[in-house]
Amino acid sequence: MPHQTSTEPKQSKPKAAATGAKKTASKKPAAKAPSAKASTEATKPTLVDLIRGHLEQEGEPRSAAEITTALTQTHPDRSVKTTVVRTTLEGLVAKSRAHRTKQGSSVFYTTATTSEPAAAEPQQEAVAG
């Protein structure tokens, strides 16, 4: 009987090695899949680009819900959620690429025009000079 107990651990060791081989085998296809996704996503515009483009086209303040609806209609192949759009818009505001205005409890966003910072710089120089 002691002989049988010594063979059981030996049997479990090859199983562990087999599962280890399965783990490494499963990692390789997973590593290839994101690179394939990355190449297809590289051709798609980013959500930031889509949001900025939409704001530039509209030219008037839009809420995150309105932007989400418009992007969902324009790009039905993409899953766009209002919370993600709102977070992206807040990121653009933080980078001064968009402006946020509040009207009551509603928040509206507009694109930051490139002429505004250029117009603000000469005014600052005139004040300093």
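Computed from a prediction, not measured in an experiment: that's the story for all the values here.

**Quick notes on the pattern of salt bridges**
Scanning all chains against the criterion turns up four salt bridges. The salt bridge involving glutamate 60 is made with arginine 62; its shortest N-O contact spans 3.2 Å. A salt bridge links arginine 62 to glutamate 66, with the nearest nitrogen and oxygen atoms 4.0 Å apart. For arginine 62, a relative accessible area of 18% translates into the label buried. The network of salt bridges with shared partners includes Glu58, Glu60, Arg62 and Glu66.

**Observations regarding helix 4 (residues 82-94)**
Spanning 13 residues, helix 4 covers 18 Å between terminal C-alpha atoms, matching the ideal 18 Å at 1.5 Å per step. Here helix 4 has its buried residues at Val85, Thr88, Leu89, Leu92 and Val93. Down the axis of helix 4, the buried set is contained in an arc of 145 degrees. They therefore lie on one face. In helix 4, the exposed residues that point more than 90 degrees away from the buried face are Thr87 and Ala94. Immediately downstream of helix 4, the backbone of serine 96 shows phi near 60 degrees, a positive value.

**Remarks on helix 3 (residues 64-74)**
Buried within helix 3 are the following residues: Ala64, Ile67, Thr68, Ala70 and Leu71. The buried residues of helix 3 occupy an angular sector of 165 degrees when projected down its axis, which confines them to one face.

**Some remarks on the pairing of strand 2 (residues 106-111)**
One ladder, built from six bridges, connects strand 1 (residues 98-103) with strand 2; its direction is antiparallel. Looking at strand 2, one finds that alanine 98 is bridged to threonine 111. Remark: two residues form the turn of the hairpin made by strand 1 and strand 2, two consecutive strands paired antiparallel; glycine 104 in that turn has positive phi of roughly 70 degrees.

**Brief notes about the confidence of the model for the chain**
Mean pLDDT over the chain works out to 74, with 55% of the residues at or above the 70 mark. Taken element by element, the chain is modelled with least confidence in helix 5 (residues 115-128), mean pLDDT 46, and with most confidence in helix 4, mean pLDDT 96. Here residues 115-124 is modelled with pLDDT under 50, and outside its nearest four sequence neighbours on either side it reaches one contact, counting other chains as well.

**With respect to the nonpolar core**
In terms of nonpolar packing, the biggest core is built from 14 residues, with Ile51, Ile67, Leu71, Val85 and Leu89 touching the most fellow members. Of all the secondary structure elements, the ones that give two or more residues to this core are helix 2 (47-58), helix 3 and helix 4. For leucine 71, the contacting residues outside a window of four places in its chain are Leu47, Leu50, Ile51, His54 and Val80.

**Regarding the packing of helix 3 against helix 4**
Closest axis-to-axis distance for the helix 3/helix 4 pair is 9 Å, and the angle between their directions is 115 degrees. Between helix 3 and helix 4 the crossing geometry is right-handed. Judged by residue contacts, Ala64, Ala65, Ile67 and Thr68 of helix 3 engage Thr82, Val85, Arg86 and Leu89 from helix 4. Here the contact of helix 3 with helix 4 is built from residues that sort into five nonpolar, two polar and one charged.

Parameters at a glance
Residues numbered from 1 in each chain as written. Predicted model: local features only at pLDDT ≥ 70, side-chain atom pairs only at ≥ 80, totals over all residues. Heavy atoms only, no water. Salt bridge = Lys/Arg side-chain N within 4 Å of Asp/Glu carboxyl O. Buried < 20%, exposed > 50% of the residue type's maximum accessible area, 1.4 Å probe, protein only. Helix = DSSP H or I, 4+ residues; strand = E, 2+ residues; numbered from the N terminus. Expected span 1.5 Å × (residues − 1). Arc of directions from axis to C-beta. Pairing = 2+ DSSP bridges. pLDDT = per-residue confidence, 0-100. Contact = heavy atoms within 4.5 Å. Core = buried A, V, L, I, M, F, W, Y, C linked by side-chain atoms within 4.5 Å. Axes fitted to C-alpha atoms, helices over the stretch in contact; angles between N-to-C directions. Left-handed = near helix turned anticlockwise from the far one by under 90°. Nonpolar A, V, L, I, M, F, W, Y, C, P; charged D, E, K, R; others polar.

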